[in-house]
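# A closer look at the structure
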Amino acid sequence: MKISASPAEGLHIEVEEPGEWHLLTGILRDAQGAGFDLATQVGGRMDQTAAWNDWEEYVIPDIRAGFLEHLKTILMAIESARLEAAGGPGLLWITREDAFHWYSALNQARLAIEASHHLGPGETIDPNRLSPASLKAFIRSQFYCAIQSILLDQGLG
């Protein structure tokens, strides 16, 4: 997989092997995995206040809908590119218009991985001490972080 940037057009991901499509759809699996609900986490300690019921009823559904819209946008982009490539090598574009959706979905995936695996700051992690599942999650999280960094470096995130 290669990622290239075009400031005017966005990023394009060159998928070189069919299995790389699975890696990209992993963003969605990670973001929604293990029952993690980022929308309820956004409120921080709101659940300890008298306003929690209103927050839960009026704010969380809109936040959740926004997060799901971001995931839906990237799912459609990935599946469209995968179908166009007939599941083989192909290009996936992250346009300027969709960059925020990608950034959000990647962030959701990284936060869900952290909630599930409790990895901590990346620079303090010793990969040799991780279980096989946590090591795989750590590698995916680092991959997602790399894409986010490229989005930010290109002024897209």
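Helix and strand content of the protein: five helices and three strands. Taken from the N to the C terminus, the helices and strands of the protein come in the order β-β-α-α-α-β-α-α. Over its C-alpha trace the protein gives a radius of gyration of 17 Å, about what one expects of a compact globule, namely 15 Å for 157 residues. With the C-alpha coordinates aligned to their principal axes, the bounding extent of the protein is approximately 55 × 40 × 30 Å. Looking at the protein as a whole, 36% of its 157 residues qualify as buried. A sequence separation of at least 24 residues applies to 71% of the contacts in the protein between residues at least 6 apart.

A complete count under the given rule lists one aromatic pair for this structure. On the numbers, 6.0 Å between centres and 55 degrees between planes, the contact of F143 with Y144 is tilted. Of the two residues examined, F143 and Y144, each falls in the buried class.

Time to look at the packing of helix α1 (residues 19–32) against helix α3 (residues 52–84). For the pair α1 and α3, the least separation of the axes is 10 Å and the interaxial angle reads 165 degrees. Classified by the angle between their axes, α1 and α3 sit roughly antiparallel to one another. Between α1 and α3 the crossing geometry is left-handed. Along its contact with α1, which presents W21, L24, T25, I27, L28, A31 and Q32, the element α3 presents L68, L71, I74, L75, I78, E79, A81 and R82. For the contact of α1 with α3, the residue count by class is 11 nonpolar, two polar and two charged.

The strand order across the open sheet built from three strands is β1-β2-β3, with neighbouring strands paired in antiparallel fashion. If you trace the sheet from one side to the other, it starts and ends with β1 (2–6) and β3 (90–95), each paired once. Each adjacent strand pair in this sheet contributes to an overall mean axis angle of 20 degrees, direction not counted. Taken together, the six bridges between strand β2 (residues 10–15) and β3 define a ladder with antiparallel strand orientation. When the bridges of β3 are listed, I13 appears paired with L92. Sheet contacts for α1: β2 and β3; angle to β2, the most-contacted strand, approximately 135 degrees.

Analysis parameters
Residues numbered from 1 in each chain as written. Predicted model: local features only at pLDDT ≥ 70, side-chain atom pairs only at ≥ 80, totals over all residues. Heavy atoms only, no water. Helix = DSSP H or I, 4+ residues; strand = E, 2+ residues; numbered from the N terminus. Rg over C-alpha atoms; globule rule 2.2 N^0.38 Å. Buried < 20%, exposed > 50% of the residue type's maximum accessible area, 1.4 Å probe, protein only. Contact = heavy atoms within 4.5 Å. Phe/Tyr/Trp six-rings, centres within 6.5 Å; stacked < 30°, edge-to-face > 60°. Axes fitted to C-alpha atoms, helices over the stretch in contact; angles between N-to-C directions. Parallel < 35°, antiparallel > 145°, perpendicular 65-115°, else oblique. Left-handed = near helix turned anticlockwise from the far one by under 90°. Nonpolar A, V, L, I, M, F, W, Y, C, P; charged D, E, K, R; others polar. Pairing = 2+ DSSP bridges.

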